[in-house]
Structure formats: C-alpha cells, structure tokens
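Secondary and tertiary structure notes
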Amino acid sequence: MKLLVTGGAGFIGSNFVLYMLQQHRDYEIVNVDALTYAGNLENIKAIEQNPKHTFVKADICDAAKMDELIGQGVDIVVNFAAESHVDRSILEPDVFVKTNVLGTQALLDAAKKHNVTKFVQVSTDEVYGTLGETGLFTEETPLTPNSPYSASKAGGDLLVRAYQETFGLPVNITRCSNNYGPYQFPEKLIPLIISKALNDQPLPVYGDGLNIRDWLYVEDHCSAIDLVIHEGVNGEVYNIGGNNERTNLHIIRTILEQLGKPESLITYVQERPGHDRRYGIDPAKIMTELGWKPKHNFETGIRETIAWYLDNKEWWTRIQSVKYEPYYAKQYSQRFEGTQ
Ligand code: NAD
Ligand code: DAU
C-alpha cells in the first residue's frame, strides 16, 4: 500500500506519519509538505532514514507536481496540508483560500486522474460553526463557518463531496475537534500557555475565557483516520471527538496547577473577532459504525503533553525564536493594550 500524506511535517500530520509507520510496517508513505512556518522537519527526524518514508518539499497547489507524485503508484491520499490557525486567517485570509480550497482541488484532480482507491480529507468541527449551551455537532449539522479559516475548510470539504458525486471519486471527510499533544506549534492555546507559563509571561485569554472546546489527544485522531482509510464507507463524513469539553479557563488553570505557576499570570485580552462560543462533537457514528474508541482521557493526555513540552524545551524555544516572535508581536501587541 502506498500513501501520499500531505502536511506531514506539521502537528497532526507528523504524528500521523509516525503512527502509520508503526502500525503498518509494510506501507510506503510519500510525505508532501511545503514547510510553511508551521512545517518542521524536526517533527519527523526519527524517520529520516526509514526506507518506507520519503519526504518531498512541495506545495499542494502545484497541480503538475501533485499529478507527478500521485501518478507514481499512490493508492491512498490523506490531506492534512492546510493553513490551520484561526487568528492568522483573520489577518491574512487569502493564503487560507489558496491552500485549503485550491490546494485541495489540485489534489482531487490528480487523485481522480490516477484512480486512487481512497481520498481522505482531514477537516474540522469548525465548519459547523458554533453551538449554544446544549446539543452536539453531528454529521448532519449544517455547515455555517464563522472564520476565514473554517470557511476555507468548508470550501475544501464541498469540493471533496462534489468529486465523489460528479466523478465517483472514493472519498471520506473527517471532522475532528481540537487536538493537543506532542509537536503542536506554540501559537495554539495549550502549547502557548505551557510555554508562556514556563517563562512566567502573561497568558492571553480572549473574552471571558469561558469558550468551550472539545479536546482530543492527537494519537486518538490518528487512530480514527487509520480506521477511516481502511473501513470508511465511500462518500461518508465521520465526526471525531472524545467528549472532553472544557472551558479555556479550565485548561489554563489545569496547566498552571501542574506547572506550579500562579493564576496571576492570567491576563484577559481583546476578544477574537467572530469567536465561536462552544464546540462539542457527537462521535456516535464513527464509534458504532467503525468501532473507534479513544485511548486517552483528558486528564492523562494533558499530563503527558505537559511532560512532553518540559522534555522538549529546545524544540519549542527554537521555533519561538526563529519563526514566532514577529507574529506574536503583531498578533498580540494590540490585544494586550488597555487590558489587565
Ligand atoms: P499545522 O498548521 O500544524 O500543519 C499544517 C502543515 O501543512 C504544515 O506542515 C505546513 O507546512 C503544511 N502546509 C501548509 N500549506 C501547505 C501547502 N500549500 N502545501 C503543502 N503543505 C502545506 O496544522 P495541524 O494542526 O497539524 O492540522 C492539520 C490538519 O488537521 C488541517 O487540515 C486542519 O484543518 C485539521 N484539523 C486540525 C485540528 C487541530 O486541533 N489542530 C483539529 C481538526 C482538524
Ligand atoms: O476545533 C478544531 C480546530 O481547533 C482546528 O480546526 C484548528 O486548526 C485549531 O487551530 C483549533 O482552533 P481553535 O481556534 O479552537 O484553537 P486555538 O488553539 O487557536 O484556540 C482555542 C481556544 O482558546 C479558543 O477559544 C480561543 C482561545 N485562545 C486562543 C489563543 C491562541 C485564547 O483565549 N488565547 C490565545 O492566545
């Protein structure tokens, strides 16, 4: 079996490639990543010499390159490559549309031409918009994205659906809730809070801190995608989540407690425009139809994650100093103004 995995130098993609090479030792993986600010070859250093893994630096929008690579006997395409950070999409929406919509289309065209046996689009629960105090996202929830990021992911999803309906391409779309774990870029809430708290710096909390996210340990997301690749019914959407809804303040307080840092670091800053209030996944379909079950609960997952960031300080300090400081200054200087 030959897989083409895109975005495999990013957070979830790198965890997925490492996971798949462990689970399926005879599979061959071509890992395509443009190495944007979020891509990092250090994430896949452990498989540098693995003959079953080939890394190709390329942009998924490069249709000719995707055609060439998928034309070399690829059976399955798994598309993780994306611009993934909501705050960046508010500053620069155009690159989100380019990669998340047009890049997906370039991959779909190549997959169609070369008759792949499965195309898995790794999407997000954010395409469903926001929930009130009750209810959960199911696969039937209408798409009502609220940020340029989620709108561009919804655009990609609709193209994937259309290629199944129009051309009979065998596809699945997965929509997962918030991931956390090793190798997450420190712009996202959990690694941002861990790294700032370790440096005794203010922790920026948007709004009242009571927005809710539904957290899933990254390895559980990987096992769900592995299952969808092999057992997913063509054309179906699968929501992925582990029923771990927490407010942002709960997450931050848990991290502070485990690091032995004071709550006085919590700093309420300017709200994120269009900030979704609550996400919550109903995972009944993937659990009952495909038999998926997460292995980690939030309490063990967050402990392991904090331990990983403590053990891998060099990994995130290098990213922060090389790729992150100018962005942080631009994104947060105004947010901190006039707040306490
Ligand atoms: P990430 O930002 O950490 O990684 C994205 C990777 O894609 C990077 O390695 C980057 O270099 C690469 N990339 C970006 N543009 C590219 C392009 N044009 N061509 C080739 N490679 C490109 O993101 P992540 O958090 O690992 O998310 C991966 C996927 O999972 C995304 O599609 C995202 O929408 C989805 N997702 C993420 C979460 C989450 O909580 N992080 C939850 C659900 C779904
Ligand atoms: O739900 C899945 C999505 O989860 C993925 O599709 C996205 O790629 C991923 O980035 C994530 O989106 P969120 O916007 O939920 O994640 P983020 O880590 O940016 O923020 C989580 C919550 O924390 C959100 O309510 C905003 C808040 N937050 C975030 C940052 C970065 C803060 O209060 N302060 C911050 O500095």
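Below is a short write-up of the structure. Bear in mind the structure is a predicted one, so any value in this text is a computation, not a measurement.

**Quick word on the side chain of N31**
Along the chain, N31 falls in strand β2 (residues 28-33). Given the relative accessible area of 0%, N31 is considered buried. Within polar-contact distance, the side chain of N31 engages the side chain of H53 at 3.2 Å. Aside from chain neighbours lying at most four places away, what touches N31 is V5, G8, A9, V17, I44, H53, T54, F55 and V56.

**Here we look at the side chain of D214**
Inspection of the secondary structure puts D214 in strand β9 (residues 212-217). An unpaired buried charge is present at D214: no salt bridge exists, and R246, the closest side chain of opposite charge, is 7.0 Å distant. At 2.9 Å, the side chain of D214 and the backbone nitrogen of I281 are in polar contact. If sequence neighbours within four positions are ignored, D214 has contacts with S177, N178, G242, N243, N244, E245, Y279, G280 and I281.

**Considering the pattern of salt bridges**
For side chains of opposite charge, pairing can occur when their charged atoms come near one another. Counted under the stated rule, the structure contains 17 salt bridges. Between K45 and E48 there is a salt bridge whose closest N-O contact spans 3.7 Å. Given the relative accessible area of 49%, K45 is considered partly exposed. Among the salt bridges present, the one from D157 reaches R175, with a minimum N-O distance of 2.9 Å. Of this pair, D157 sits in helix α5 (residues 148-167) while R175 sits in strand β6 (residues 171-176), and the two are 18 residues apart along the sequence.

**Examining the site of ligand 1**
Neighbouring residues of ligand 1: 28 residues in total, closest I12, D33, S84, Y149 and K153. D33 places a polar side-chain atom, nitrogen or oxygen, 2.6 Å from an oxygen atom of ligand 1. Here an oxygen atom of ligand 1 and a backbone polar atom of F80 are 3.0 Å apart. When contributions to the shell around ligand 1 are tallied by element, the ones reaching two or more residues are α1 (11-23), β5 (118-124), α5 and β7 (178-180). Class assignment of the residues belonging to the shell around ligand 1 gives a composition of 14 nonpolar, 11 polar and three charged.

Here is what the cut-offs are and how they apply
Residues numbered from 1 in each chain as written. Chains lettered and ligands numbered in written order. Predicted model: local features only at pLDDT ≥ 70, side-chain atom pairs only at ≥ 80, totals over all residues. Heavy atoms only, no water. Helix = DSSP H or I, 4+ residues; strand = E, 2+ residues; numbered from the N terminus. Buried < 20%, exposed > 50% of the residue type's maximum accessible area, 1.4 Å probe, protein only. Polar contact = N/O pair within 3.5 Å; in protein donor to acceptor, adjacent residues only side chain to side chain. Contact = heavy atoms within 4.5 Å. Lys, Arg positive; Asp, Glu negative; His and termini not counted. Salt bridge = Lys/Arg side-chain N within 4 Å of Asp/Glu carboxyl O. Near = heavy atom within 4 Å. Nonpolar A, V, L, I, M, F, W, Y, C, P; charged D, E, K, R; others polar.

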